[in-house]
Amino acid sequence: MTKINENFLKLQAGYLFPEIGRRKKAFQKANPDADIISMGIGDVTQPLAPAVIEAMKKAVDEMGQRETFRGYDDSGVGYEFLRQAIKENDFESRGVDIDIDEIFVSDGAKCDTGNIQEVFGLDNVIAVSDPVYPVYVDTNVMAGRTGGPAEQGKYEGIVYMPCTEENSFVPDLPKEKVDLIYLCFPNNPTGAVATKEQLKKWVDYARENKAIILFDAAYEAFISEADIPHSIYEIDGAKEAAIEFRSFSKSAGFTGVRCAFTVIPKQLKAYTKDGRAVEVAPIWKRRHCTKFNGVSYVTQAGAAAVYSQQGKEQNQRIIDIYMTNAKLIRETLSRLGYTVYGGLNAPYIWLKTPNGVSSWEFFDILLNKAHVVGTPGVGFGSAGEGYFRLTAFATPDNVKEALERITNNI
Ligand SMILES: *Cc1c(COP(=O)(O)O)cnc(C)c1O
């Protein structure tokens, strides 16, 4: 008799996006002429930058010639040309010294933030923000690091850190001792950022408690304010305390191409039961190379082109399109009397639902009156109740149209 991994049975149904889809479909069926605009899903809409396309085409041609054909990437952790470009452009340029051996290229930050927990013991206490990117939670449930479902969509055994207006959506240090702390800045879904001072508190906490911060920086490219850190390694001592996740998905439109990377500094240690310090990076490398055979050469060539002068300029123009959308959403909704957060250093606007209506009630109002789909905040955690997420990834025309409808009909 084959036994199932019962941890998977603890997972609560992936409720949010199926339920959004169900309500959208029902509305479309009842109103076949309605032209629904989606500002719900965190996916990009602008095409890849020409510099990236050119580099990928060239790489495809190389793959078609015996002399330049490439098979497996023997390093397993990414071609040196890409890791060198990452080192120089993402870190050296901000005064951070990261060795290319500390960079692990992969096919996504979703996979990396989901897989990283495998190298840590099952008895670690994990802490997540509430609201939260569900990947951090669900992968720990699958691994057996939690108990069963608790109230409000939570799980037993996880420390949830509420992110509210009071703490500007940056979690307070937990009262209990935790071992693995997931932080995401700029944040999905709230659009909040953490200052150097705020991150320093977390780095100090991690060092004092021999804890590790898992820092998801997938949205760093959207930071517009000068003094906001792009990398947690801009904070003193963070190399001993944090792993950082980056992705080309949102910064360069790679959601369908797939390329990302994780940084694990040599100084970062975890401990055996008898207290012996063990470097985390070699263990992650062992895992990565055992379960993963590298990102395609064509994709890595495209990713490296993101760091060329043209690639940088072209991608900045694309980010500017999204952030112009974000600004318009923020300003229009503020003018209409909504309380809005985010949208300044992130492509997400986190708005407070008006008159205390629930997240799902506001979803229905928006869909029925403006034919606009967004994401109910409560879908990201109970502290998201009474909030609503709009993304700035739609096309500028759709954003303008959606805002006109909201202005005129709600
Ligand atoms: C989009 C997103 C990512 C990126 O995931 P990929 O697998 O690299 O596409 C990572 N973290 C968060 C919070 C995201 O929203």
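Here goes a summary of the coordinates provided. (Residues numbered from 1 in each chain as written. Predicted model: local features only at pLDDT ≥ 70, side-chain atom pairs only at ≥ 80, totals over all residues. Heavy atoms only, no water.)

## Looking at the packing of aromatic side chains
Here comes step 1: Counted under the stated rule, the structure contains 22 aromatic pairs.
Here comes step 2: Summarising the aromatic geometry, the rings of Y79 and Y297 are spaced 5.5 Å apart at their centres and angled 85° between planes, so their arrangement reads as edge-to-face. With a gap of 218 residues between them, Y79 in the loop between helix 3 (50–63) and helix 4 (80–91) and Y297 in helix 10 (residues 297–305) connect regions that are remote in the sequence.
Here comes step 3: Consider the rings of Y133 and Y136, whose centres lie 5.3 Å apart with planes at 70°: the pair is edge-to-face.
Here comes step 4: You can call Y136 buried: its relative accessible area is 3%.
Here comes step 5: In textbook terms, an aromatic cluster arises when at least three aromatic residues are bridged by ring pairs, as seen for F169, Y341, W350, F380 and Y387.
Here comes step 6: Against the face of Y79 rests R70, its NZ or CZ located 5.0 Å from the ring centre.
Here comes step 7: Stacked on the ring of Y160, the Lys or Arg K154 has its end atom at 5.4 Å from the ring centre. (Phe/Tyr/Trp six-rings, centres within 6.5 Å; stacked < 30°, edge-to-face > 60°. Helix = DSSP H or I, 4+ residues; strand = E, 2+ residues; numbered from the N terminus. Buried < 20%, exposed > 50% of the residue type's maximum accessible area, 1.4 Å probe, protein only. Lys NZ or Arg CZ within 6 Å of the ring centre and 35° of its normal.)

## A short note on the pairing of strand 8 (residues 260–263)
Here comes step 1: Every second residue of strand 8 is oriented toward a common face, with A260 and T262 on one face and F261 and V263 on the other, all of them buried.
Here comes step 2: Pairing between strand 2 (residues 103–106) and strand 8: 4 bridges, direction antiparallel. By the bridge assignment for strand 8, V105 is matched with F261.
Here comes step 3: Sheet topology note: the strand 7 (residues 242–247)/strand 8 ladder contains 4 bridges and is antiparallel. Bridge assignment links S247 to a residue of strand 8, and that residue is A260. (Pairing = 2+ DSSP bridges.)

## Some points on the pattern of salt bridges
Pairing is possible between side chains of opposite charge, provided their charged atoms come close.
Here comes step 1: Enumeration over the complete set of coordinates arrives at 20 salt bridges.
Here comes step 2: Among the ionic pairs, D130 bridges to K154, the shortest N-O distance being 4.0 Å. Placement of the pair is D130 in strand 3 (residues 126–130) and K154 in the loop between helix 6 (134–143) and strand 4 (159–162), with a sequence separation of 24 residues. The residues D130 and K154 share a single accessibility class, namely buried.
Here comes step 3: One salt-bridge network, in which partners are shared between bridges, spans E19, R22, R23 and D364. (Salt bridge = Lys/Arg side-chain N within 4 Å of Asp/Glu carboxyl O.)

## With respect to the sheet that holds strand 8
Here comes step 1: Spatial ordering of the open sheet is given by 2-8-7-6-5-3-4, a layout of 7 strands whose pairing is mixed. The sheet is open, and its two edges are formed by strand 2 and strand 4, each paired on a single side. Between one strand axis and the next, the sheet turns by 20° as a mean value, whatever way the strands run.
Here comes step 2: Taken strand by strand, helix 4 contacts strand 2, strand 7 and strand 8, and its axis lies near 115° from that of strand 2. (Axes fitted to C-alpha atoms, helices over the stretch in contact; angles between N-to-C directions. Contact = heavy atoms within 4.5 Å.)

## Overview of empty space enclosed by the protein
Here comes step 1: Overall, the coordinates contain 2 cavities of 30 Å³ or more when judged by the stated rule.
Here comes step 2: For the largest cavity, the full set of lining residues is V44, Q46, P47, K250, S251, A252, G253, N315, I318 and Y322.
Here comes step 3: Listed by contribution, the elements that provide at least two residues to the lining of the largest cavity are helix 8 (248–251) and helix 11 (309–335).
Here comes step 4: Top element by residues in the lining of the largest cavity is helix 11. It accounts for 3 residues.
Here comes step 5: Classifying every residue of the lining of the largest cavity by side-chain character gives 5 nonpolar, 4 polar and 1 charged.
Here comes step 6: Shared between two domains, the lining of the largest cavity takes at least three residues from each, and those domains are domain 1 (6–47 + 310–409) and domain 2 (68–308).
Here comes step 7: Estimated volume of the second largest cavity: approximately 30 Å³.
Here comes step 8: Lining the second largest cavity are S129, P131, V132, Y133, Y136, Y182, L183, C184, N187 and N188.
Here comes step 9: Here the lining of the second largest cavity takes 3 residues from strand 5 (residues 180–184), the largest share from any one element.
Here comes step 10: Looking at the lining of the second largest cavity residue by residue, the classes come out as 7 nonpolar, 3 polar and no charged. (1 Å grid on protein atoms, 1.4 Å probe; cavity = no way out; pocket = protein on both sides within 12 Å on 5 of 7 lines; lining within 4 Å. Points joined across faces, edges and corners; volume = space filled by probe spheres on them. Nonpolar A, V, L, I, M, F, W, Y, C, P; charged D, E, K, R; others polar. Domains from an automatic or database assignment.)

## Concerning the site of the ligand
Here comes step 1: Around the ligand, the surrounding shell holds 14 residues, and the nearest of these are D216, Y219, S247, S249 and K250.
Here comes step 2: A distance of 2.9 Å separates an oxygen atom of the ligand from a polar atom in the backbone of K110.
Here comes step 3: One of the side-chain nitrogen or oxygen atoms of N188 is found 2.8 Å away from an oxygen atom of the ligand.
Here comes step 4: In the complex, the protein chains occlude 93% of the 390 Å² of accessible area that the ligand would expose alone.
Here comes step 5: Judged by the proximity of its atoms to the pocket grid, the ligand belongs to the largest pocket.
Here comes step 6: Where the shell around the ligand is concerned, the elements lending two or more residues are helix 5 (109–115) and helix 8.
Here comes step 7: Of the residues that constitute the shell around the ligand, the class distribution is 6 nonpolar, 4 polar and 4 charged. (Near = heavy atom within 4 Å. Polar contact = N/O pair within 3.5 Å; in protein donor to acceptor, adjacent residues only side chain to side chain. Areas by Shrake-Rupley, 256 points an atom, 1.4 Å probe, with all protein chains shown as cover. Sits in = over half its atoms within 2 Å of the grid points.)

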